Amino acid sequence: MDRVKEILSSGESFRIIYSGAEIESYFNILYNAGIKNFLMSFHYVQDKQINMEKRFYGKEDIQFFIDSGAHTYQQYGKYENCSIEFWEDYIRKYLNWAEQNKKYIFAIANLDIENLVGDEVVRRWNEKFFIPFMQRTGIPVCFVWHEISFTDWKGYCKQYSYVGLSAVTTEGKNRELSEYLAKLNVAKRYGTLVHGFGMTQIELLTKIPFLTVDSTTWLVGTKYGELNFWDGRTWKRLKKDQWKRQYKNKLIK
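Residues numbered from 1 in each chain as written. Predicted model: local features only at pLDDT ≥ 70, side-chain atom pairs only at ≥ 80, totals over all residues. Heavy atoms only, no water.

**Student:** How should I be thinking about the overall build of the protein chain in this particular structure?
**Tutor:** Helix and strand counts for the protein chain stand at 12 helices and 10 strands. Out of the 253 residues belonging to the protein chain, those deemed buried represent 48%. (Helix = DSSP H or I, 4+ residues; strand = E, 2+ residues; numbered from the N terminus. Buried < 20%, exposed > 50% of the residue type's maximum accessible area, 1.4 Å probe, protein only.)

What follows is the structure, encoded as structure tokens:
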């Protein structure tokens, strides 16, 4: 798996990946603004039968981090009783699609549904499907860690070259800066690269040594009429009445 580290860390120290761009108009807003890194869920790809070559994603200069769709499946009770065979068939479709669209893909996430099938099953899938896929295709796999995993964070960092950590705990609480720093120090000890899922606390990114993160913070303005911008040191968020009045001319200038 040293090859994974080479692919992910060659000539690059940090990458923000933009989530929430599945809608074509949203994708175009970001792409026209110079954004080249996107996160998309395979759940959406599968439902829409997206072919990267034929759809608006088929641009040579962009890269996608493909998520397995695990978050979606854990939100709906209808998936609680799906069989192991159902999920393994899903994994095969997921990996086949990823391999077919290899030139557009920066990395993919494993299917981290421990709360639906148990930790032992997820670990078996990692060994049976995801590690061989990574070795065969050269596409990095990000193995996502959760508090309910049988293996602790240290164990994940020892075992995998690229691991993922959600900004929210299993109990639904935002992680504190001290926890991030402690976990990233462990990862550094083992030479493990880390992705931060759902990093909406943009101000923390200057303090935490992630390799990659994904965020939907850019969508706040679209949803609520707010204006979000980076002032060179921190991320600023202005309410609609603020940017329309005292800040509008200043920011445009």
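Here the narrative resumes.
**Student:** Looking at this structure, how should I read the pairing of strand 7 (residues 193–197)?
**Tutor:** Consecutive side chains along a regular strand alternate between the two faces of the sheet. Where burial is concerned, most of strand 7 is hidden: five out of the five residues are buried. For the crossover from strand 6 (residues 162–166) across helix 9 (residues 177–189) to strand 7, the handedness is right-handed. As paired strands, strand 7 and strand 8 (residues 212–215) are joined by two bridges and run parallel to one another. By the bridge assignment for strand 8, Gly196 is matched with Val213. (Right-handed = clockwise from strand over helix to strand, strands pointing away. Pairing = 2+ DSSP bridges.)

**Student:** What's the story with the pattern of salt bridges in this structure? I'm lost.
**Tutor:** Oppositely charged side chains may form a pair once their charged atoms are brought near each other. For the coordinates displayed, the defined rule picks out 10 salt bridges. Residues Glu99 and Arg136 are paired through a salt bridge, measuring 2.8 Å at the closest nitrogen-oxygen approach. Linking Glu99 in helix 5 (residues 84–100) with Arg136 in helix 7 (residues 119–137), this pair joins segments that are 37 residues apart in sequence. The class for Arg136 is exposed, based on a relative accessible area of 53%. A salt bridge links Lys183 to Glu179, with the nearest nitrogen and oxygen atoms 3.2 Å apart. Remark: Glu179 and Lys183 occur in helix 9; sequence separation between them is four residues, near one turn of the helix. Residue Lys183 is classed as buried on the basis of its relative accessible area of 14%. (Salt bridge = Lys/Arg side-chain N within 4 Å of Asp/Glu carboxyl O.)

**Student:** Quick question: what am I supposed to make of the side chain of Arg175 here?
**Tutor:** Secondary-structure assignment places Arg175 in the loop between strand 6 and helix 9. Look at Arg175 and you get buried, because its relative accessible area is 3%. Separated by 2.6 Å, the side chain of Arg175 and the backbone oxygen of Ser166 make a polar contact. If we skip the residues at most four places from it in the chain, Arg175 touches Trp145, Glu147, Leu165, Ser166, Ala167, Val168, Thr169, Tyr180 and Gln201. (Polar contact = N/O pair within 3.5 Å; in protein donor to acceptor, adjacent residues only side chain to side chain. Contact = heavy atoms within 4.5 Å.)

**Student:** Explain the environment of Val141 here, please?
**Tutor:** Counting through the fold element by element, Val141 comes out in strand 5 (residues 141–145). Val141 sits 19 residues away from Tyr160 along the chain, and the two C-alpha atoms are 9.1 Å apart. Setting aside its immediate chain neighbours within four residues, Val141 contacts Ile108, Ala109, Asn110, Phe130, Phe133, Met134 and Tyr162.

That is the geometry; function is a separate question.
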